[in-house]
Amino acid sequence: MTNGVNVQALLDAREVLKGAPEAAQFTWRASSKWQHGVHSTTRIEKFFGLGQEQSHKSESVFEADHPAIFAAEDNGITPIEYLLVGLASCLTAGIASVAQNRGIKLNSVEASVEGGHDIRGILGADSDVRNGFNDIKVTFSIDADAPRADIEALVAQSQKRSAVFDALTNPTNVTVEVA
Amino acid sequence: MNVTTAVIGAGHAGLAASHFLTAASIDHVVLERGEVANSWRHERWDSLRLLTPNWLNRLPGSHYEGPDPDGYADMGEVVDFLERSAKDVPVRTGVTVTSVRRSAGGYTLTTDQGPVEARTVVIASGACNVASVPALAAAVPSSVEQVTPFGYRNPSRLPDGGVLVVGASATGVQLAAEIRRSGRPVVLSVGEHVRMPRVYEGRDVLWWMHNSGVWSQRYDEVDDLTRARRLPSPQLAGASTLDLNVLTALGVELVGRLSAIRDGAALFSGGLRNVAALADLKMNRLLDTFDQWAGTAPGERFAPTDVPGTARWRVDLGSGEIRSIVWATGFRPDYSWLDVPVVDPKGALTHDGGVLGDGLYALGLPVLRRRRSTFICGIEDDAREVVDHLRLHLAG
C-alpha cells in the first residue's frame, strides 16, 4: 500500500529533531520584484534548514496581479488567492501523509476552496470591514479504501498538523521594513 | 532522622505507597507539608466532585462503603476517605521538603523540620501543584481580573460582568457552567479537548473505561506516551454530561483556542471547528471500542458538537465586556525542590513507569504505569509495582 509518501523518513526525522531542536529551525524565503501596475513576480528557490542552506531542484516563479474587473492586466492570480493555493496543497499533503501512516490507500483526493472576502476593507470603503478573508471553506472529496469516519479523521488530523492552517487561523507577528 | 524510604506527600499516592511499604516491612516515613490530603482540602474549588463514581474510588486496604456507590464524592468526602486510609500510616504532617539530593547512602532530604537521610525516596507530591498559565497572560489589561483554579472558589467571588474561561478540559467546562448559571455572560476558549458522555448504554462512561480494558493499557503499550501523559482531563462533571453542546444550551459562547493578546484584544484561533471534530471522532472511536469489547451492536451515538457558524476570533479586553479571566489551562507538578537531574526541559520527570533510577521513584502521575494511573483507582496497582521494584533495589 502506498500513496507515495515516505512516511518512514518523516517519522525518523521526528525522532532525530526531538533531540536537535536547532536543526529543526527552517527559514523559507521568497523574493519579489514589482513589474508594472499591480503586477509583481515572486521567485522562490533557496531556503535554510537542517543547519545549512538548501535549494529546491529548480526555481519557481509566481506572477501576481489583479483581474480585469479591478482595472488591472491580470498577469496572474491575486495575492490572496495564493493563500488558497497554500491551504489546499498543505491539507492535501497532510491527508496523503496521515493516510500513508495509517495504512489507508487513497484513490483520489480533490478539494475545492472558497475564501469569502469583503473588498470594502482593502478599498478603505468601510473601516469596520477587515482586509483579509472573512472565512474560508474547504471541501474535500476523497475516494479511499476506508470507512467515512476514518476519512474524516484523516482530514481532521491533517488540519491539526498543517502549517498553513495554523498560519491562517492564528495570528503571526509580521515585521515589514525598508532596507 | 534515618529511614529506609522517605515518601514525599500524603495524598492518595503517598498513602498507597506506605501501605505496600508496610506490607513489605520497609521502615519509612511519609512527609507532608500540610495535612493528609492537603491539596484536596485547600486547593480545590467549592463545587468540585471527583470525576469517578464512588464505587471506583478504591485505595489499597479501603474502598467505598457509603450509601451512594453511584454518586460522585465532594471534597469533604474525598478528605474523609483519604484520612480513613491514613490510619496506620507513619505520616509526619507540617514538614515541608525543601531539597532532595544524592548522598553516599542514598538521598538527603532537607526539610523545615531538619534533615532526613533515606536510602530510597518516593515522590508522591502530586501532579497538580501549580496552575499552568500561558505567558500571554502578561498582556491582559490590568482592568481585567485574572484567576486560576487555585484561587477560584465559586462564582460569587468573581467581579460582576463577563467572564472569559480559557480551556475546555474538566476544569474549564465545570467552571464555565457554574459561572454561566450565576448569571454572568461566559465566553469559553476551546482548544483540543476530550469529549465523553457521562453515561453510555446505561453505564457510567468510566465503568466502560474500567471494565473494557481501555484503562488497563500499560504505559509501554501506548503509541505516544508523551501525548497520553499530557492529555487534558475529559469533559466530565458529577452526574450528567457536560460537553460543549450542553454549555451552548446554557448560553456559553464558544470561541477557538486563545492564541494571542494583541493591542488589548484576545485573539482566538479560527480552528474551533476542527478541535471539535477531532474530539467527536475520538469519542466515537472510544464508543466503538466499548461496543467491540461488549460484543454488541453499536449503541447510542451523540450529536456532533454544534460549533457556531461564525465564532468570534477577537474579543476586546478593554471594552468592559470581559471583567475576569479564569485560566483553566491545566496544572503541572512543582519539582523546584528536587536537586537530582531527573526533570526534563519541560518540567516533567523522566521516569520509566515511576522508576527514576538509583532508588528514586514517583507515584501519582498521569499514565504512570497504565491509563488508569491518572485516577485515584489507578494507584493501587502502580504503588504495588513501584514498591516491588524498590524492594528489589534495596535487596541489591
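Reading the values: rules and limits
Along each chain, the written sequence defines residue order, and numbers are assigned to residues from 1. All chains are assigned letters beginning at A, and all ligands numbers beginning at 1, according to the order in which they are written. For a predicted model such as this one, the threshold for reporting local features is a pLDDT of at least 70, and the threshold for listing and counting side-chain atom pairs is 80 or more; totals across whole chains, interfaces and linings nevertheless cover every residue. Each side-chain value is worked out from all heavy atoms of the structure, with water and hydrogens disregarded. For the purposes of this description, domain bounds are those given by an automatic or database domain assignment. Contact between two residues is taken to exist if any of their heavy atoms lie within 4.5 Å; hydrogens are not considered. One side-chain nitrogen of Lys or Arg within 4 Å of one carboxyl oxygen of Asp or Glu is enough to make a salt bridge. Pairs of N or O atoms within 3.5 Å make up the polar contacts considered here, provided that, within protein, one atom can donate a hydrogen while the other can accept it, and that residues adjacent in sequence are counted only when both atoms are side-chain atoms. The way it works is that DSSP assigns letters per residue, a run of H or I at least four long becomes a helix, a run of E at least two long becomes a strand, and they are numbered from the N terminus. Classes in brief: Ala, Val, Leu, Ile, Met, Phe, Trp, Tyr, Cys and Pro nonpolar; Asp, Glu, Lys and Arg charged; the others, Gly included, polar. Two parts placed together each lose some accessible area; with a 1.4 Å probe, that loss summed over both constitutes the buried area. Note on method: axes are straight lines fitted to C-alpha atoms, helices fitted across the in-contact stretch only, with angles between N-to-C directions ranging 0 to 180 degrees. If an angle is under 35 degrees, it is roughly parallel; if it is over 145, roughly antiparallel; if it lies from 65 to 115, roughly perpendicular; otherwise it is oblique. Helix crossings are classified by the rotation of the near helix relative to the far one: an anticlockwise turn of less than a right angle makes the crossing left-handed, while a clockwise turn makes it right-handed. Think of it this way: DSSP has to see at least two bridges between two strands before they count as a pair. In this analysis, the expected span of each helix is defined as 1.5 Å times one less than the number of residues it contains. Three exposure classes are used, based on accessible area relative to the maximum for each residue type with a 1.4 Å probe and protein chains only: buried under 20%, partly exposed in between, and exposed over 50%. Side-chain atoms within 4.5 Å are what join buried Ala, Val, Leu, Ile, Met, Phe, Trp, Tyr and Cys residues into a set we call a nonpolar core. Stacked, tilted and edge-to-face are the three classes applied to pairs of Phe, Tyr and Trp rings, where Trp contributes its six-membered ring and a pair requires centres within 6.5 Å; stacked means planes under 30 degrees apart, edge-to-face means over 60, and tilted covers the rest. Either the NZ atom of lysine or the CZ atom of arginine qualifies as a charge over a ring when it sits within 6 Å of the ring centre and within 35 degrees of the ring normal.

(A) Region of interest: the domain arrangement of chain A. All names here are of chain A. According to the domain assignment, chain A consists of domain 1 (1–77) and domain 2 (78–179). Measuring from the centre of the C-alpha atoms in domain 1 to the corresponding centre in domain 2 gives 16 Å. Taken together, the contact pairs 17 residues of domain 1 with 15 residues of domain 2. Put simply, domain 1 and domain 2 have zero salt bridges between them. At the boundary of domain 1 with domain 2, the tally comes to six residue pairs in polar contact (both at pLDDT 80 or more). Mapped onto the side of domain 1 that touches domain 2, the elements with two or more residues apiece are α1 (7–18) and β4 (52–64). In the side of domain 1 that touches domain 2, the residues fall into 10 nonpolar, five polar and two charged.

(B) Region of the structure containing the interface of chain A and chain B. With 14 residues of chain A in contact, the opposing surface of chain B contributes 16 residues. Note on chain A versus chain B: buried area summed over both sides is about 1100 Å², and carbon and sulfur give 53% of it. Seen at the junction of chain A and chain B, the total is one salt bridge. Residues Glu192 of chain B and Lys160 of chain A are paired through a salt bridge, measuring 3.1 Å at the closest nitrogen-oxygen approach. At the junction of chain A and chain B, the tally comes to seven residue pairs in polar contact (both at pLDDT 80 or more).

(C) Representation of the packing of helix α4 (residues 148–160) of chain A against helix α8 (residues 272–294) of chain B within the structure. The geometry of α4 of chain A relative to α8 of chain B is characterised by a closest axis approach of 9 Å and an angle of 140° between their N-to-C directions. Classed by the angle they form, the pair α4 of chain A and α8 of chain B counts as oblique. Crossing handedness for the pair α4 of chain A and α8 of chain B: left-handed. Contacts between α4 of chain A and α8 of chain B involve Ala149, Glu152, Ala153, Ala156, Gln157, Gln159 and Lys160 of chain A from the first element and Asn274, Leu278, Leu281, Lys282 and Arg285 of chain B from the second. Split into classes, the residues belonging to the contact of α4 of chain A with α8 of chain B amount to five nonpolar, three polar and four charged.

(D) Structural view of the sheet that holds strand β16 (residues 314–316) of chain B. Residues and elements named next belong to chain B. Taken in spatial order, the three strands of this open sheet run β14-β15-β16, and their pairing is antiparallel. This sheet does not close on itself; its edge strands, each paired only once, are β14 (258–262) and β16. Adjacent strand axes in the sheet meet at a mean angle of 20°, parallel and antiparallel pairs treated alike. Bridge count between β14 and strand β15 (residues 265–268): four bridges; the pairing is antiparallel. The residue of β15 that forms the bridge with Leu258 is Phe268.

(E) Geometry of helix α4 (residues 170–181) of chain B. Residue and element names in this part refer to chain B. In a regular helix each residue adds 1.5 Å, so 12 residues correspond to 16 Å; α4 covers 17 Å between its end C-alpha atoms and thus fits that length. Restricting attention to buried positions, one finds in α4 the residues Ala170, Thr171, Gly172, Val173, Gln174, Leu175, Ala176, Ala177, Glu178 and Ile179. Packing partners of the buried residues in α4 comprise β9 (162–166), β10 (186–189), α7 (244–250), β17 (322–327) and β18 (331–332). Positioned one or two residues after α4, Gly183 has a phi angle of 100°, which is positive.

(F) Up close: the pattern of salt bridges. Residue and element names in this part refer to chain B. Counted by the stated rule, this structure contains 31 salt bridges over all chains. Salt-bridge contacts for Glu192 lead to Lys282; the nearest nitrogen and oxygen are separated by 4.0 Å. Placement of Glu192 in the loop between β10 and β11 (199–200) and of Lys282 in helix α8 is noted, with a sequence separation of 90 residues between them. Arg198 is the partner of Asp204 in a salt bridge, and the nearest nitrogen-oxygen pair spans 2.9 Å.

(G) Structural view of the nonpolar core. Residue and element names in this part refer to chain B. Counting 89 residues, the largest nonpolar core has Leu109, Ile123 and Leu188 as its most contacted members. Contact partners of Leu188, with chain neighbours within four places excluded, come to Val165, Gly167, Ala168, Gly172, Ala176, Leu244, Leu247, Val252, Glu253, Leu254 and Val255. If you look at the next biggest cluster of nonpolar residues, it comprises 20 residues, including Leu56, Val194, Trp207 and Trp215.

(H) Representation of the environment of His39 of chain A in the model. All names here are of chain A. Structurally, His39 is set in strand β3 (residues 39–49). Residue class for His39 comes out buried when judged on its relative accessible area of 12%. Taking the C-alpha atoms as reference points, His39 and Glu59, 20 residues apart in sequence, are found 19 Å from one another.

(I) Quick peek at the pairing of β3 of chain A. All names here are of chain A. As paired elements, strand β1 (residues 27–28) and β3 share two bridges and run antiparallel to each other. When the bridges of β3 are listed, Thr27 appears paired with Phe48. Where strand β2 (residues 31–36) lies against β3, five bridges are found, and the strand directions are antiparallel. Across the sheet, Trp34 pairs through a bridge with Ser40, a residue of β3. Between the end of β2 and the start of β3, which pair antiparallel, lie two residues, with Gly37 showing a positive phi angle near 60°. Two elements, β3 and β4, share nine bridges in a ladder whose sense is antiparallel.

(J) Molecular detail of the packing of aromatic side chains. Counting across every chain of the model gives 13 aromatic pairs over all chains. Consider the rings of Trp28 of chain A and Phe47 of chain A, whose centres lie 4.8 Å apart with planes at 35°: the pair is tilted. With Trp28 of chain A in strand β1 and Phe47 of chain A in strand β3, this residue pair connects regions lying 19 residues apart in the sequence. Relative accessible area serves as the criterion here: at 12%, Phe47 of chain A is assigned to the buried category. Three or more aromatic residues joined by ring pairs make a cluster, and in this case those are Tyr200, Trp207, Trp208, Phe290 and Trp293 of chain B. Just above the ring of Trp40 of chain B sits the side chain of Arg44 of chain B; from NZ or CZ to the centre is 4.7 Å. Directly above the aromatic system of Trp207 of chain B lies the positively charged group of Arg203 of chain B, at a separation of 4.3 Å from the ring centroid.

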